[in-house]
Amino acid sequence: MAQRIFINEVAPRDGLQIEARFVPTPDKIALIDALSRTGVAKIEATSFTSPKAIPNLADAGDVMAGITRHEDVDYVALVPNERGAERALAAGVDELNLVLSASDSHGLANLRMTPWQSLARFEHMIALARGSNVSINASISTTFGCPFEGDVPASRILEIVRALAALGVDGITLCDTTGMANPQQVSALCKDVIKRHPELLLTLHVHDTRGMGLANALAAWQAGIIRFDAALGGLGGCPFAPGASGNVCSEDLVHMFETMGLDTGVDLDALLAVAETLPALVGHEVPGQVVKAGRSSRRYPLPAHVARG
Ligand code: COA
Ligand code: ZN
């Protein structure tokens, strides 16, 4: 049987948070409902953040209340603090994605918290979810580099991962917030974290800011990672990370893994059909490649002079 890959579709959150215009709530709901029918394992539907920080997702509660839940999909919300966790739990999310930054500078710019300040709040946030079936993931932004500070030492990431594991999180996402990672770095860190924490469900979250998104995802898979965040059309980016641009594109990632004989659980045609609706939704072209080129199995008629023989 083909090896299984799990896709967490983050366009509704990472994608829409940075768009120049607010996508109306009914359109967000329609997007999430369409994505729910494509076979993705999870959808990061929104974030419960300060509406002043992320005005595009100020309608998080209404979005969660409006979507039609698919039984095979886990609906995730990103939360930075206790208030976010309370709101997300009240909205009935399946998973809380606690966010912190690996670097002090990005943490302060994005969340007004250093990683250690975030970690100090997570214990209470996790306690809020205790007794429910809600799973807990933590996303570590700037894991592979910080747009303000540059290199983030692997030892710092391992220290944060250790602290999160001690808090009892179910999973951790290593995030390359502004596309600074390279495949060798991704491979080495993923192998190290898997070796030290085989109990954790690890996910890779990469941005294609410098064209290394798919290469980094492939390197992570070769290192043993089978869970990936990706955004439809390659939307995405953190508004508080200068130079941020789109996530690795979901349909391109699914296409790559499927052509390699892996099972993503995703109906690629269904996903491509949703991707085709994106430019009208966001009002601009999007970076995805396969939606423009077609699958690699696409064939063209021979030119007439060849066909004639
Ligand atoms: N949901 C709704 N409102 C919230 C909130 C939440 N989770 N957290 C804080 N607020 C509100 C407070 O009620 C307060 O409102 P007021 O000004 O009307 O009184 C205001 O936001 C400021 O609250 P405070 O606790 O002082 O937060 P802050 O200004 O220090 O900002 C964060 C910290 C974490 C709330 C904010 O930086 C944030 O939401 N960041 C998210 C960034 C993000 O999602 N980036 C992209 C993903 S990586
Ligand atoms: Zn991101």
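Shown above is the structure to which this text applies.
Residues numbered from 1 in each chain as written. Chains lettered and ligands numbered in written order. Predicted model: local features only at pLDDT ≥ 70, side-chain atom pairs only at ≥ 80, totals over all residues. Heavy atoms only, no water.

### Some words on the coordination of the zinc ion (ligand 2)
In the first shell of the zinc ion (ligand 2), the protein supplies Asp14 (OD), His205 (NE2) and His207 (NE2), at 2.0 to 2.1 Å from the metal. Counting along the primary sequence, the residues that act as donors to the zinc ion (ligand 2) give the motif D-x190-H-x1-H. Here histidine 205 falls in the buried class, since its relative accessible area comes to 3%. Residue class for histidine 207 comes out buried when judged on its relative accessible area of 3%. (Donors = N, O, S within 2.8 Å, 3.2 Å for Na, K, Ca; no water. Buried < 20%, exposed > 50% of the residue type's maximum accessible area, 1.4 Å probe, protein only.)

### Describing the sheet that holds strand S6 (residues 171-176)
The eight strands lie next to each other as S1-S2-S3-S4-S5-S6-S7-S8, forming a closed barrel whose pairing is parallel. On average, adjacent strands in this sheet sit at an angle of 25 degrees to one another, irrespective of strand direction. Seen against the sheet, helix H5 (residues 104-111) touches strand S4 (95-101) and strand S5 (135-141) and runs at an angle of roughly 125 degrees to S4. Against the sheet, helix H9 (residues 213-222) contacts S6, strand S7 (201-206) and strand S8 (227-230), and its axis sits at roughly 165 degrees relative to S7. (Pairing = 2+ DSSP bridges. Helix = DSSP H or I, 4+ residues; strand = E, 2+ residues; numbered from the N terminus. Axes fitted to C-alpha atoms, helices over the stretch in contact; angles between N-to-C directions. Contact = heavy atoms within 4.5 Å.)

### Topic: the pairing of strand S1 (residues 6-9)
Relative to S8, S1 runs parallel, the two sharing four bridges. Within S8, the position partnered with phenylalanine 6 by the bridge is arginine 227. As paired elements, S1 and strand S2 (residues 42-47) share two bridges and run parallel to each other. The partner of glutamate 9 across the bridge, within S2, is isoleucine 43.

### Brief notes about helix H11 (residues 268-275)
Along H11, the residues classified as buried are Leu268, Leu271, Leu272, Val274 and Ala275. Buried residues of H11, viewed axially, fall in a sector of 160 degrees; they line one side. Contact partners of the buried residues in H11: helix H2 (25-36), helix H10 (250-259), helix H12 (278-282) and helix H13 (290-293). Two or three places before aspartate 269, at the opening of H11, aspartate 267 has a side-chain oxygen 3.1 Å from that residue's backbone nitrogen. (Arc of directions from axis to C-beta. Polar contact = N/O pair within 3.5 Å; in protein donor to acceptor, adjacent residues only side chain to side chain.)

### Some words on the environment of valine 282
Take valine 282: it is sitting in helix H12. On the basis of relative accessibility, which here comes to 4%, the residue valine 282 falls in the buried class. Along the chain, valine 282 and arginine 83 lie 199 residues apart, while their C-alpha atoms are 29 Å from each other. Those residues in contact with valine 282 that lie beyond four places of it in its chain are Leu16, Glu19, Arg21 and Leu235.

### Remarks on the site of ligand 1
Looking at ligand 1, there are 18 residues lining it, with Ser50, Lys52, Asn81, Arg87 and Asn110 nearest. Threonine 49 is positioned with one of its backbone polar atoms (N or O) 3.2 Å from a nitrogen atom of ligand 1. Between ligand 1 and arginine 112, the relevant distance is 3.1 Å, taken from an oxygen atom to a side-chain nitrogen or oxygen of the residue. When ligand 1 is considered free in solution it has 930 Å² of accessible area, and contact with the protein chains removes 68% of it. Using a 2 Å cut-off from the grid points, one finds that ligand 1 occupies the largest pocket. (Near = heavy atom within 4 Å. Areas by Shrake-Rupley, 256 points an atom, 1.4 Å probe, with all protein chains shown as cover. 1 Å grid on protein atoms, 1.4 Å probe; cavity = no way out; pocket = protein on both sides within 12 Å on 5 of 7 lines; lining within 4 Å. Sits in = over half its atoms within 2 Å of the grid points.)

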